[in-house]
Amino acid sequence: MSETENLESPVIKKVAESKIDSAIAVAGHPIHAMSVHFPIALVFATFGVDVFYWWSGDPFWVRVSVWSSGFAFATGVAAGLVGTAELLFVRGIRIRVASWTHAVAAMTLIAIMGTNWGMRLADDSMVLPHGLLLSVLAGIMAGMAGWHGGKLVFDHGVGLVINSDQ
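A brief look at the structure comes next. (Residues numbered from 1 in each chain as written. Predicted model: local features only at pLDDT ≥ 70, side-chain atom pairs only at ≥ 80, totals over all residues. Heavy atoms only, no water.)

Regarding helix α8 (residues 130-154)
Stated formally: Each helix is a run of DSSP H or I of at least 4 residues and each strand a run of E of at least 2, with the numbering of both proceeding from the N terminus. To estimate how far a helix should reach, multiply one less than its number of residues by 1.5 Å. Any pair of residues with heavy atoms lying within 4.5 Å of one another is described as a contacting pair.
Taking 1.5 Å of rise per residue, 25 residues should cover 36 Å, and α8 covers 35 Å from first to last C-alpha, within 8% of that figure. On its buried face, α8 is in contact with α4 (37-56) and α7 (97-122).

What about the packing of aromatic side chains?
Condition: Classification of ring pairs rests on two measures: the distance between centres of Phe, Tyr or Trp rings, Trp counted by its six-membered ring, which must be within 6.5 Å, and the angle between planes, read as stacked under 30 degrees, edge-to-face over 60 and tilted in between. Think of it in three bands: residues with accessible area under 20% of the maximum for their type are buried, residues over 50% are exposed, and the middle band is partly exposed, with areas taken using a 1.4 Å probe on protein chains only.
Within the structure shown, the criterion is met by four aromatic pairs. Ring geometry for W67 and F71: centres 6.0 Å apart, planes at 25°, overall stacked. With W67 and F71 both in helix α5 (residues 60-89), this residue pair falls four residues apart, about one helical turn. Note on F71: relative accessible area 45%, which makes it partly exposed. An aromatic cluster is built from F52, F60 and W61, whose rings are joined through pairwise contacts.

Remarks on a nonpolar patch on the surface
Condition: Patches in this entry comprise residues that are over 30% relatively accessible and not in a salt bridge; like charges within 9 Å are linked, as are nonpolar side chains (Val, Leu, Ile, Met, Phe, Trp, Tyr) within 5 Å. Accessibility throughout is a Shrake-Rupley quantity obtained with a 1.4 Å probe, and a residue counts as covered only by protein chains that appear here. Whenever Lys or Arg places a side-chain nitrogen within 4 Å of a carboxyl oxygen from Asp or Glu, that contact is recorded as a salt bridge.
Where nonpolar side chains cluster on the molecular surface, the patch consists of F47, V51, V136, I140 and M144 and spans about 380 Å² of accessible area. Secondary-structure elements contributing two or more residues to the nonpolar patch are α4 and α8. In terms of residues, the nonpolar patch owes the most to one element, α8, which gives three residues. Examined against the element boundaries, M144 turns out to sit in helix α8.

Digging into unusual backbone geometry
A cis geometry characterises the amide bond from L128 onward to P129, with omega recorded as 0°. Relative to the helices and strands, P129 resides in the loop between α7 and α8. The backbone phi angle of A27 is positive, close to 55°, even though this residue is not glycine. Note that A27 resides in the loop between β1 (25-26) and β2 (29-30). Using a relative accessible area of 74% as the deciding quantity, one classes A27 as exposed.

Topic: the pattern of salt bridges
What the rule picks out here adds up to three salt bridges. In this structure, D21 and K19 form a salt bridge, with 3.1 Å as the shortest nitrogen-oxygen distance. For D21, a relative accessible area of 40% gives the class partly exposed. Of the charged contacts, one joins D50 and R120 as a salt bridge, the two residues approaching to 2.6 Å between their closest N and O atoms. Here D50 is found in helix α4, whereas its partner R120 is found in helix α7, with 70 residues between them in sequence.

Digging into the nonpolar core
The line we're drawing: Remark: nonpolar core denotes a set of buried residues (Ala, Val, Leu, Ile, Met, Phe, Trp, Tyr, Cys) joined through side-chain atoms within 4.5 Å.
V43, L109, I112, M113, A138 and M141 are the most contacted members of the largest nonpolar core, which has 13 residues in total. Put simply, the parts of the chain that give this core at least two residues each are α7 and α8. Broken down by element, the residue count for this core peaks at six residues, all from α7. Aside from chain neighbours lying at most four places away, what touches M113 is P39, V43, S69, A72, F73 and G76. Counting eight residues, the second-largest nonpolar core is a separate cluster that includes I20, V90, A98 and A103.

Structure (structure tokens):
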């Protein structure tokens, strides 16, 4: 199917015409888009801390990893709650397949972050190799969730406020 035929499809037209403004925003800025940076940064910080622990053997890095993985999980849950609200409240977001792909990847990431933190709380001796492996997996899932979230913004324009006066 050519691109021109695709634009003439009634289903694609209906999706393209649906409003995609953010329902949860401050001064037009979507809170979900602003909040996802924290868990993403903390996922990669936890991976870095695990590598430092593997390299040095210093138990200080184990304590740091408990905090970084815990804050990654907590901020991920907060960002996920806002993202879920956007998904449920805004029909234009909800009807896009990319939204659901992003949501599943992000929920999987949150589950991995929670497992990583819980494992460290229960038994800090499991940081190597299990914590490091979970940190690698979390990094991969953060990349996947971020990729699909980026597609929603850059390809679908989700959450963008476009001023026609300029």
